[in-house]
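Given next are the chains, with one letter for each unit.
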Amino acid sequence: MTAHNFETSATNTWCPGCGNFPLLNAVKTVLKELSEGESPTRPENLVMVAGIGCHGKIADYLNINSFYSIHGRVLPVATGIKLANPDLEVIGFAGDGDAYGEGLEHLIFAAKRNVDITVIVHNNRVYSLTTGQFSPTSPPGFPGRSTPAGSPEVPLNPLELLLASGATFLARGFSSQPEQMKEIIREAINHRGFALVDILQVCVTFYNLHKYYAERVYTVEDHDPGDYFQALQKIREWDYGASSGGEEQEKIPLGILYKKEAPTFGQRLSAGGGGSKSATPADREALIEKILANNI
Ligand SMILES: Cc1ncc(C[n+]2csc(CCOP(=O)(O)OP(=O)(O)O)c2C)c(N)n1
Ligand code: SF4
Ligand SMILES: [Mg+2]
């Protein structure tokens, strides 16, 4: 890998106009800044974990260490990498189906533990790679391939769920607002603890919500992200059409909605959290040797 070069030679197969392009560019810009800053993060210390879906192809388009995981399993892999080597900056890229559906319990527990990783959810509110089935954030009535008469379900509000689960950084961006995406992603990576960035990512092919979002999004101001109840209020202001039974809602707040400092899972483990004996790097090496010796 060439230092500071996050480009790859892979042919990009995302559809022209897909919101994944500006998201990828925002991430590249932030990583470049981080690798050139005053106390630079070495590119070889950056690791991404991608899920399976259109979003997961980011593993081919971003030149950092990568682990292309399986659908729904971004979080356990990212957690394991961070705990094994706390010096690494670990960023997970997941889809809404990936993170909020199949991998939901992993997401909740990573938030509960306050694992020091960043998770960026490409929330296009549809299963795109598999050509348009409804996802946990699709609104009621969503006319997908698996719900031709319209989805009968109300969506999850993942940010509300994660706030309740113990996440210490929650933000929402929009793929058509690149500057704000950069700001949020930069803050999320710099946050010590579990940071989740929900990006309203436009899928131009299976669920094009560009106009819907453009008419409704606004950036939060006079908002104290350190105040749990203010955060809850902002998060509930727009909940993917659930509370309104699918009726159009007027305003979608963007920005950093919640932020709090708290000990990370790694710190608690090192401190022998919960009364367990503290594991040193030597203990971990010994455990790995033991596992390998037993061929487990
Ligand atoms: C364990 C497992 N379950 C299901 C699938 C099939 N599958 C592949 S991608 C996908 C949906 C992807 O949707 P999402 O996570 O929202 O990503 P997007 O394509 O929208 O970026 C599914 C169901 C799979 N590959 N592996
Ligand atoms: S199907 Fe949707 S999410 Fe997938 S590449 Fe095309 S526009 Fe992007
Ligand atoms: Mg999706």
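Predicted, not measured: the structure shown is a model, and the values here were computed from it.

Cut-offs used in this document
- Residues numbered from 1 in each chain as written.
- Chains lettered and ligands numbered in written order.
- Predicted model: local features only at pLDDT ≥ 70, side-chain atom pairs only at ≥ 80, totals over all residues.
- Heavy atoms only, no water.
- Domains from an automatic or database assignment.
- Contact = heavy atoms within 4.5 Å.
- Buried area = accessible area lost by both parts, 1.4 Å probe.
- Salt bridge = Lys/Arg side-chain N within 4 Å of Asp/Glu carboxyl O.
- Patch = residues over 30% accessible without salt bridge, like charges linked within 9 Å, V, L, I, M, F, W, Y side chains within 5 Å.
- Areas by Shrake-Rupley, 256 points an atom, 1.4 Å probe, with all protein chains shown as cover.
- Helix = DSSP H or I, 4+ residues; strand = E, 2+ residues; numbered from the N terminus.
- Buried < 20%, exposed > 50% of the residue type's maximum accessible area, 1.4 Å probe, protein only.
- Expected span 1.5 Å × (residues − 1).
- Pairing = 2+ DSSP bridges.
- Axes fitted to C-alpha atoms, helices over the stretch in contact; angles between N-to-C directions.

Participant: Before we go on, may I ask you to explain the domain arrangement of the protein in this structure?
Facilitator: The figure often quoted for interface size is the accessible area lost as the parts come together. Entries for the protein in the domain assignment read domain 1 (20-262) and domain 2 (265-296). A C-alpha centroid distance of 30 Å is found between domain 1 and domain 2. Between domain 1 and domain 2, the residue contacts involve 7 residues of the former and 5 residues of the latter. Carbon and sulfur atoms make up 56% of the surface buried where domain 1 meets domain 2, a total of about 500 Å² over both sides. Contact with domain 2 buries area across many residues of domain 1, yet Leu83, Arg113 and Arg192 alone supply 68% of it, more than any other trio. Taken together, the connections running from domain 1 to domain 2 amount to 0 salt bridges.

Participant: How should I be thinking about a nonpolar patch on the surface in this particular structure?
Facilitator: Among the surface-exposed residues, Ile52, Tyr68, Ile70 and Leu129 lie close enough to one another that they form a single nonpolar patch of about 360 Å² accessible area. As for its placement among the helices and strands, Ile70 is situated in the loop between strand 2 (65-68) and helix 3 (74-84). Accessibility expressed as a relative area gives 56% for Ile70, which makes it exposed.

Participant: Quick question: what am I supposed to make of helix 7 (residues 178-190) here?
Facilitator: Every α-helical turn comprises 3.6 residues, leaving residues that sit three or four positions apart pointing alike. Compared with an ideal rise of 1.5 Å per residue, which puts 13 residues at 18 Å, helix 7 spans 18 Å between its outermost C-alpha atoms and is within 8% of the ideal. Within helix 7 the residues assigned to the buried category are Gln180, Met181, Lys182, Ile184, Ile185, Ala188 and Ile189.

Participant: What's the story with the sheet that holds strand 7 (residues 217-219) in this structure? I'm lost.
Facilitator: Within a beta sheet, neighbouring strands are joined by backbone hydrogen bonds and run either parallel or antiparallel to one another. Reading across the sheet, the 8 strands line up as 2-1-3-4-6-5-8-7 and stay open at both edges, with mixed pairing between neighbours. Two strands close off the open sheet at either side, each with one partner strand: strand 2 and strand 7. Going from strand to strand, the sheet's axes swing by 20° on average, the running direction of each strand aside. Across 5 bridges, the pairing between strand 3 (residues 89-95) and strand 4 (residues 118-123) is parallel. What sits directly across from Ile91, in strand 4, is Thr118. Here helix 1 (residues 20-36) sits on the sheet in contact with strand 1 (46-50), strand 3, strand 4 and strand 6 (195-200), set at roughly 160° to strand 4. Across the sheet, helix 9 (residues 228-237) is in contact with strand 5 (169-174), strand 7 and strand 8 (252-259); its angle to strand 8 comes to roughly 155°.

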